[in-house]
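# What the coordinates show
Listed below, chain by chain, are the residues.
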Amino acid sequence: ARAVVVFIIITERGRRRKEMSHHSLRELASSACVGSSSFPASTSYSSSSSFDLFIPSAKENSGATTTTGAAAVAAAGKTIGVSPAIKAVSGSFGGIIEACCLQPVDVVKTRLQLDKTGQYKGIADCFKQIQANEGTKALWKGLTPFATHLCFKYMLRMGTNATFQAGLRDENGYLSTQRRMLAGFGAGVCEAVMIVTPFEVVKIRLQQQKGLDASKLKYKGTFHCAKTIIAEEGVKGLWSGVGPTIARNGTNQMCLFTAKAQVDKTLWGKHDGDGMVLHPAQSLVSGGLAATFGPIATGPFDVMKTRLMAQAKAPPGTEAKYKGFLHAGVVIFREEGIFAMWKGLLPRLMRIPPGQAITWMVADQVVGFVERRQEEQ
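Before going into details, it helps to say that this report is about the structure given with it. (Residues numbered from 1 in each chain as written. Predicted model: local features only at pLDDT ≥ 70, side-chain atom pairs only at ≥ 80, totals over all residues. Heavy atoms only, no water.)

### With respect to the overall build of the protein chain
Condition: Put simply, DSSP marks the helices as runs of H or I at least four residues long and the strands as runs of E at least two long, and each gets a number from the N terminus on. For this analysis, residues touch if any pair of their heavy atoms sits within 4.5 Å. All accessibility values rest on the Shrake-Rupley procedure with a 1.4 Å probe; residue burial counts only the protein chains present in the view.
The secondary structure content of the protein chain amounts to 13 helices and 4 strands. Contacts in the protein chain between residues far apart in sequence, at least 24 positions, make up 75% of those at least 6 positions apart. On the protein chain, roughly 17600 Å² of surface is accessible, and the fraction owed to carbon and sulfur atoms is 63%.

Encoded structure:
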């Protein structure tokens, strides 16, 4: 966090930010809230101190009640922010960039979660062993399904969350914290069922293979892996572990979208649809902080999901080790102990918060660009 602060101070020193709340929006807020409330007179960056370069200050009329930009716009009968389609496109761009940057960490996380014999002594040792035994390219195993998966997952996540939020706002455009959490959970369930589960089944099957000689590997690539799973296990094989995936992604997105809105409001004074565009470094900070809570809360779901997805169909006359969501949790706890339910947590924390920071940095800039164009028109 200090490094980000220093970076912003150095790069932004001596430069005042343009006023983020446009006069037209403030006038709209004033006319919508006459006699009872007023929109903050300005949201600007002051050059009086280095920290004011990126912490906005709102000048409020004395004795007046502050009204958010979202409520003011809604009161005047206008759409709050951009359409769900724009939010979806912004998420897809962010997802592709995130996948390319952080795939090695995801490979290490998967190997650690599947390690039942203690082959890897930790994150650094896992990195070293993969690179020494399989080559550097092995750290990007499963990149194609992972990047495609993130592209469509974030497109669906951002789009459905925006749609749910629009439907859950009251007549004044206000969205309570509880309804924001509900919208995030709904978005997580949609992505888990429609996108995440089949893509992660393929990705995990590819990642658990060791070696680079394709002739010795069961799955030769993304499409071959999917075809083999369908041929051997049926179409439902692509949805192995859908139960814990729903629990994990629903909880994750509930935490993510709620925390992101709160962090933006607390640190930067930004509200939905107020026309304020965060600096990329601000988006990095708020996105990374918001994504920290989900992995801790959903660690057990992620381990159970990975074990179920990695498990191929049992041969005739035998039974699969894990028979379902709850059974997997019981078996892991009984055989490996309670801490096994959080295996791979550290690499998840190394991947998810930085990944979300990258995604939100891209998404916020795309949404901000469209919002500015809309206001100019």
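### A short note on the packing of aromatic side chains
This is how the line gets drawn: Two aromatic rings from Phe, Tyr or Trp, using only the six-membered ring of Trp, form a pair when their centres are within 6.5 Å; if the ring planes differ by under 30 degrees the pair is stacked, by over 60 it is edge-to-face, and anything between is tilted. For each residue, the accessible area found with a 1.4 Å probe, counting protein chains only, is set against the maximum for its type, and the residue is called buried under 20%, exposed over 50%, and partly exposed in between.
Counted according to the given criterion, the structure contains 2 aromatic pairs. With centroids separated by 5.9 Å and ring planes inclined at 85°, the aromatic side chains of Phe 257 and Trp 360 adopt a geometry described as edge-to-face. Taken as a pair, Phe 257 in helix 9 (residues 242–268) and Trp 360 in helix 13 (residues 345–376) lie far apart in primary sequence, 103 residues in all. For Trp 360, a relative accessible area of 9% gives the class buried.

### Some points on the nonpolar core
Note the cut-off: Definition used in this section: a nonpolar core is a set of buried Ala, Val, Leu, Ile, Met, Phe, Trp, Tyr and Cys residues joined via side-chain atoms within 4.5 Å.
Of all hydrophobic cores here, the largest spans 12 residues; its members are Leu 114, Val 201, Val 202, Ile 204, Leu 206, Tyr 219, Cys 225, Ala 226, Ile 229, Leu 238, Met 309 and Ala 310. When residues of this core are traced back to their parent elements, those giving at least two are helix 7 (177–207), helix 8 (222–233) and helix 11 (293–310). Excluding residues that lie within four positions of it along the chain, Ala 310 makes contacts with Leu 114, Ile 204, Arg 205 and Gln 208.

### Here we look at the packing of helix 11 against helix 12 (residues 325–336)
Heads up, the rule is: Note on geometry: axes are lines fitted to C-alpha atoms, helical ones only across the stretch in contact, with angles between N-to-C directions running from 0 to 180 degrees. To sort the angles, those under 35 degrees are grouped as roughly parallel, those over 145 as roughly antiparallel, those from 65 to 115 as roughly perpendicular, and the leftovers as oblique. Note that Gly is not counted as nonpolar here; it falls among the polar residues with everything else outside the nonpolar set of Ala, Val, Leu, Ile, Met, Phe, Trp, Tyr, Cys and Pro and the charged set of Asp, Glu, Lys and Arg.
At their nearest, the axes of helix 11 and helix 12 sit 9 Å apart, and the two run at 100° to each other. In terms of axis orientation, helix 11 runs roughly perpendicular to helix 12. Here Phe 301, Val 303, Met 304, Arg 307 and Leu 308 of helix 11 come into contact with helix 12, specifically with Phe 325, Ala 328, Gly 329, Ile 332 and Glu 336. Broken down by class, the residue content of the contact of helix 11 with helix 12 amounts to 7 nonpolar, 1 polar and 2 charged.

### Section: helix 7
Our working rule: Multiplying 1.5 Å by the helix residue count minus one yields the expected span of that helix. Bend is computed residue by residue as the angle between axes fitted to the seven residues ending at the residue and the seven residues starting at it.
When the terminal C-alpha atoms of helix 7 are compared, their 38 Å separation across 31 residues is substantially less than the 45 Å that a helix rising 1.5 Å per residue should span. At Ala 192, helix 7 shows its strongest bend, of approximately 55°.

### Here's the deal with the side chain of Ser 92
Turning to its location among the elements, Ser 92 is positioned in helix 4 (residues 84–114). Once residues lying within four places of it in the same chain are set aside, the contact partners of Ser 92 are Cys 151, Tyr 154 and Met 155.

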